[in-house]
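Reading the structure
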Amino acid sequence: MLPALSIVLLVLALGLGTYWTLGSEPDATVTRGAQIAGVASVVDGDTIDIHGERIRLSGFDAPERGRRCGTVNVYQKASNYLYGYIQRQTVTCDVTGKNGDRLVATCYVGGTDLGNIMVGSGWARDWPRYSRRAYADEEANARRSKAGIWGLSCPDDLWGNRNYN
């Protein structure tokens, strides 16, 4: 009886568009190791919301609000690229920590890491301090092929004073 009830509850949770791993709840008590899934809203090129929970995508960095390369609003381009990839698909996130009021997580659509997508498209860059160079090959390929920001005339301060070494 208990396994059947668990399956029914999981199906109901998925039907509502989100689920949380056993032992965690969708509030400030969500901790490292929790898993969240649902239809996501894109906040920007490295941040999403799933049912009101703000999630910073881990290991890469996309341009911040107001950033431009010439006439191209690269903040908007990165955000739109992420939105175009996710659309209305289920996003599954493995929580790795918190950053202020946001969760930090590695997130996937259909098993594909969104970091690979964003960095590989050239609309974000690897942040080795947090990724342990997980997206270094994608960034190198994007730079070589001049994808996304790497094909534009960007100012030296596009990334502000962040250190990506």
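Above this text is the structure in question.
A quick note: this is a predicted structure, and the numbers were derived from the prediction, not measured. (Residues numbered from 1 in each chain as written. Predicted model: local features only at pLDDT ≥ 70, side-chain atom pairs only at ≥ 80, totals over all residues. Heavy atoms only, no water.)

1. Let's talk about the packing of aromatic side chains
A complete count under the given rule lists 4 aromatic pairs for this structure. Seen from their ring centres, W127 and Y130 are 4.9 Å apart, and the 85° between their planes marks the pair as edge-to-face. With relative accessibility at 44%, the residue Y130 sits in the partly exposed group. Between W159 and Y164, the ring centres sit 5.7 Å apart and the planes meet at 75°, which makes this aromatic pair edge-to-face. For the residue pair W159 and Y164, the accessibility class agrees, reading buried in each case. Among the aromatic residues, those joined into a ring-pair cluster are W127, Y130, W159 and Y164. The ring of Y164 is capped by R125, whose NZ or CZ atom sits 4.1 Å from the centre of that ring. The side chain of R143 reaches across the aromatic face of W150, ending 3.9 Å from its centre. (Phe/Tyr/Trp six-rings, centres within 6.5 Å; stacked < 30°, edge-to-face > 60°. Buried < 20%, exposed > 50% of the residue type's maximum accessible area, 1.4 Å probe, protein only. Lys NZ or Arg CZ within 6 Å of the ring centre and 35° of its normal.)

2. Topic: the pattern of salt bridges
Per the counting criterion, the structure on display carries 7 salt bridges. Of the charged contacts in the structure, one is a salt bridge between D61 and R56, with a shortest N-O distance of 3.3 Å. No difference in accessibility class separates D61 from R56, as the two residues are buried. Across the pair E64 and R162 runs a salt bridge, and its minimum N-O distance is 3.0 Å. One end of the pair, E64, is in the loop between β5 (60–61) and β6 (68–69); the other, R162, is in the segment after α5 (136–145), and 98 residues separate them in sequence. What you see here is one network of salt bridges that share partners, running through D46, R56, D61, E64 and R162. (Salt bridge = Lys/Arg side-chain N within 4 Å of Asp/Glu carboxyl O. Helix = DSSP H or I, 4+ residues; strand = E, 2+ residues; numbered from the N terminus.)

3. A short note on the state of the cysteines
Taken as a whole and assessed by the stated rule, the structure comprises 2 disulfides. Note on cysteine connectivity: C93 is disulfide-linked to C107, with sulfurs 2.1 Å apart. Because the torsion about its S-S bond is 110°, the bridge between C93 and C107 counts as right-handed. Linking C93 in strand β8 (residues 90–99) with C107 in strand β9 (residues 102–109), this pair joins segments that are 14 residues apart in sequence. C93 sits in the buried class, given a relative accessible area of 0%. When the bonded cysteines of the protein are counted from the start of the sequence, the pairing works out to 1-4, 2-3. (Disulfide = S-S within 2.5 Å.)

4. A word on the side chain of D49
Of note, D49 is situated in strand β3 (residues 47–50). Classification of D49 as buried rests on a relative accessible area of 17%. Engagement of the side chain of D49 in a polar contact is seen with the side chain of R54, the distance being 2.9 Å. Residue contacts for D49: discarding those within four places in its chain leaves V39, A40, S41, V43, R54 and I55. (Polar contact = N/O pair within 3.5 Å; in protein donor to acceptor, adjacent residues only side chain to side chain. Contact = heavy atoms within 4.5 Å.)

5. Thoughts on the packing of helix α3 (residues 114–121) against α5
Two elements in contact, α3 and α5, have axes whose closest approach is 7 Å; the angle formed by their N-to-C orientations is 25°. The orientation of α3 relative to α5 falls into the category roughly parallel. The crossing of α3 and α5 is right-handed. Here N116, V119 and G120 of α3 come into contact with α5, specifically with E138, E139 and A142. Across the contact of α3 with α5, the residue classes break down as 2 nonpolar, 2 polar and 2 charged. (Axes fitted to C-alpha atoms, helices over the stretch in contact; angles between N-to-C directions. Parallel < 35°, antiparallel > 145°, perpendicular 65-115°, else oblique. Left-handed = near helix turned anticlockwise from the far one by under 90°. Nonpolar A, V, L, I, M, F, W, Y, C, P; charged D, E, K, R; others polar.)

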